[in-house]
There are 2 protein chains.
Amino acid sequence: MFAEILTVGDELLTGNTVDSNSAFIAQRLTERGYWVRRKTTVGDDVEEITTVLREILGRKPEVLVISGGLGPTHDDVTMLAVAEALNRKLVLCEECLERIKAFYRELYEKGLIDDPELNEARRKMAYLPEGAEPLENTEGAAPGAYIEHGGVKIFVLPGMPREMKAMLEKEVLPRLGKKKFVQRKLLAEITDESKLAPILNETLERFNVRIHSSPKGFGKYIGIILFGESEEEIERAKAFMESKGIRFEEGW
Amino acid sequence: MFAEILTVGDELLTGNTVDSNSAFIAQRLTERGYWVRRKTTVGDDVEEITTVLREILGRKPEVLVISGGLGPTHDDVTMLAVAEALNRKLVLCEECLERIKAFYRELYEKGLIDDPELNEARRKMAYLPEGAEPLENTEGAAPGAYIEHGGVKIFVLPGMPREMKAMLEKEVLPRLGKKKFVQRKLLAEITDESKLAPILNETLERFNVRIHSSPKGFGKYIGIILFGESEEEIERAKAFMESKGIRFEEGW
């Protein structure tokens, strides 16, 4: 049950913006039991996005979450690229157009913009790949899209973190079922990470868990994350490691 | 002159860590005139890393910077994967082993660890792909590696931000020449991003620049980043946009 994440935006490739979106999406998918196998970032370029989308679809993840490039400017081309990669047309979503209209009308009435009318750039956001289900954007203008294609659940979300997060919580996660993957963070008291390695390897062989370890300062602690399908399996793995002489503290 | 960045680490795919390393690397490469075309993140898994490395090498970037997975634990497997992807052996770097030995000896003398000896896990870090040039880690134990392969300059750096940054500045950038790409951040006073689009498009057609725009709050400003090979070209593009009625402030 693996997932991939694609973030789109020139600002991510110039380093002007740190990609916190993909970490947020990864965290939510991990909690739902998905193994996020790869994250990719490309710029606001139809050809680049189309190419990477075809590569991802070829790996057949169960879920693909895309974030970024849905706005009204010349460099917001993600929906166009998704349509191309799936060999679908972009079609007008009437319901989306109504929402976009209402959104700008409201900004106008609040005195935030000086023109409430739908121009070409604003209309553009109402076009989704044929067969896509629109995802409501409660925080901004551009709708997202949900498309099932060749067994892959594709979610297209905006790049503004506030908009992306709201859409992920309200529109994406409810479509992904309830199963939770459990993770436990532990702090191992050990003076050197390298001494831990053989014990971790034996734990991996004996129990149905995944383990991530990282140093938390020399000479004191190693941070451990145990991933498993149940609290019980994690508890058993932890007890085994303790029987090998590792002392844990919870959390970090 | 394009570059790619690969970050390696399970913690990046579970969302436990935000990948600020790749943004830092991207920024430095952009300043040097490289167009960072794609960033990819995979987990601490030899097969995944090897697969993605072969894909990247197939796209023939001029530069590939890899960060993460060089430490002593069971899940630090990046050097092994690099060697596999390049069909090279891992060979002991004697000079690296001496440095690693000295590094742990120093920690021991400071009372930070209770065993200064080189065990298997520590020795592991001294193995680099055959033909690689070691990159000095002034902040930690694991050396990096520089490999030229099939026209691609490959740099393998640690994942700990402090170690990665020092190695990037001291060991990578001096190997990439001096050419600087110029970027200018401007704040456009305009009430709606969509009105800017036709002016941006005309600017892109007329001048040898790239433009990134992103909203900085409704009804006030649009952030613009202009990229170009010289200050002069950027100045000309800016003057053209001003002649079309856009008012700019510097920086954001």
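As the structure is a computational prediction, the values presented were derived from the model and not from experiment.

Peer 1: I'd like a rundown of the domain arrangement of chain A, residues and numbers included.
Peer 2: Along its sequence, chain A is carved into domain 1 (2–176) and domain 2 (182–250). When each unit is reduced to the centre of its C-alpha atoms, the spacing between domain 1 of chain A and domain 2 of chain A is 37 Å.

Peer 1: Residues and numbers for the pairing of strand β8 (residues 152–157) of chain B, please.
Peer 2: Residue and element names in this part refer to chain B. With six of its six residues buried, β8 lies for the most part within the structure. Here β8 shows no split at all, with V152, I154 and V156 on one side and K153, F155 and L157 on the other all buried. Inspection of the sheet shows strand β3 (residues 63–67) paired to β8 by five bridges, in the parallel sense. The residue bridging L64 from the neighbouring strand is I154, located in β8. Note that strand β7 (residues 144–149) and β8 share five bridges and pair antiparallel. Looking at the pairing, H149 lines up with V152 of β8. Turn length for the β7-β8 hairpin, with the two strands adjacent in sequence and antiparallel, is two residues, and the turn residue G150 shows positive phi of about 55°.

Peer 1: Any details on the pattern of salt bridges? Residues and values, ideally.
Peer 2: Tallied over the entire structure, the rule returns 41 salt bridges over all chains. Between E55 of chain B and R38 of chain A there is a salt bridge, with the nearest N and O atoms lying 2.8 Å from each other. In this pair, E55 of chain B is assigned in helix α3 (residues 46–58) and R38 of chain A in strand β2 (residues 35–42), connecting two distinct chains. For R38 of chain A, a relative accessible area of 3% corresponds to the buried category. One salt-bridge network, in which partners are shared between bridges, spans E4, R38 and R59 of chain A together with E55 of chain B.

Peer 1: Run through the side chain of R59 of chain A, naming residues and quoting values.
Peer 2: Examined against the element boundaries, R59 of chain A turns out to sit in the loop between α3 (46–58) and β3 (63–67). Those residues within four positions of R59 of chain A in sequence are excluded, and the remaining contacts are F2, E4 and R38 of chain A together with E55 of chain B.

Peer 1: Summarise the state of the cysteines; cite the residues concerned and give the values.
Peer 2: Residue and element names in this part refer to chain A. This model, assessed by the stated rule, comprises two disulfides over all chains. The partner cysteine of C93 in its disulfide is C96, sulfur to sulfur 2.2 Å. Because the sign of the S-S torsion sets the handedness, a value of about 75° for the bond joining C93 and C96 places this disulfide among the right-handed ones. Under the relative-accessibility criterion, C93 is labelled buried at 12%. The exposure class assigned to C96 is buried, which follows from its relative accessible area of 3%.

Peer 1: Which residues make up the environment of A121 of chain B, and what values do they have?
Peer 2: Along the chain, A121 of chain B turns up in helix α6 (residues 120–124). Overall, the relative accessible area of 11% leaves A121 of chain B in the buried class. Put simply, A121 of chain B and H74 of chain B are 47 residues apart on the chain and 8.2 Å apart in space, counted from C-alpha to C-alpha. Ignoring any residue separated from it by four or fewer positions in sequence, one finds A121 of chain B in contact with S194 of chain A together with P72 of chain B.

Peer 1: Describe the relation of the copies chain A and chain B, with residues and values.
Peer 2: Least-squares fitting of chain A to chain B yields an RMSD of 0.1 Å, with the transformation described by 0.1 Å of translation along the axis and a rotation of 180°. The transformation relating the two chain copies, once decomposed into turn and shift, fits a two-fold axis. Closest approach to the rotation axis among the C-alpha atoms of chain A is made by T40 of chain A, whose C-alpha sits 2.2 Å away. Interface overlap between copies is the fraction of interface residues in one copy that are interface residues in the other; for chain A against chain B it reaches 100%, indicating a shared surface.

What counts and how
- Residues numbered from 1 in each chain as written.
- Chains lettered and ligands numbered in written order.
- Predicted model: local features only at pLDDT ≥ 70, side-chain atom pairs only at ≥ 80, totals over all residues.
- Heavy atoms only, no water.
- Domains from an automatic or database assignment.
- Buried < 20%, exposed > 50% of the residue type's maximum accessible area, 1.4 Å probe, protein only.
- Helix = DSSP H or I, 4+ residues; strand = E, 2+ residues; numbered from the N terminus.
- Pairing = 2+ DSSP bridges.
- Salt bridge = Lys/Arg side-chain N within 4 Å of Asp/Glu carboxyl O.
- Contact = heavy atoms within 4.5 Å.
- Disulfide = S-S within 2.5 Å.
- Least-squares fit on C-alpha atoms with pLDDT ≥ 70 in both.

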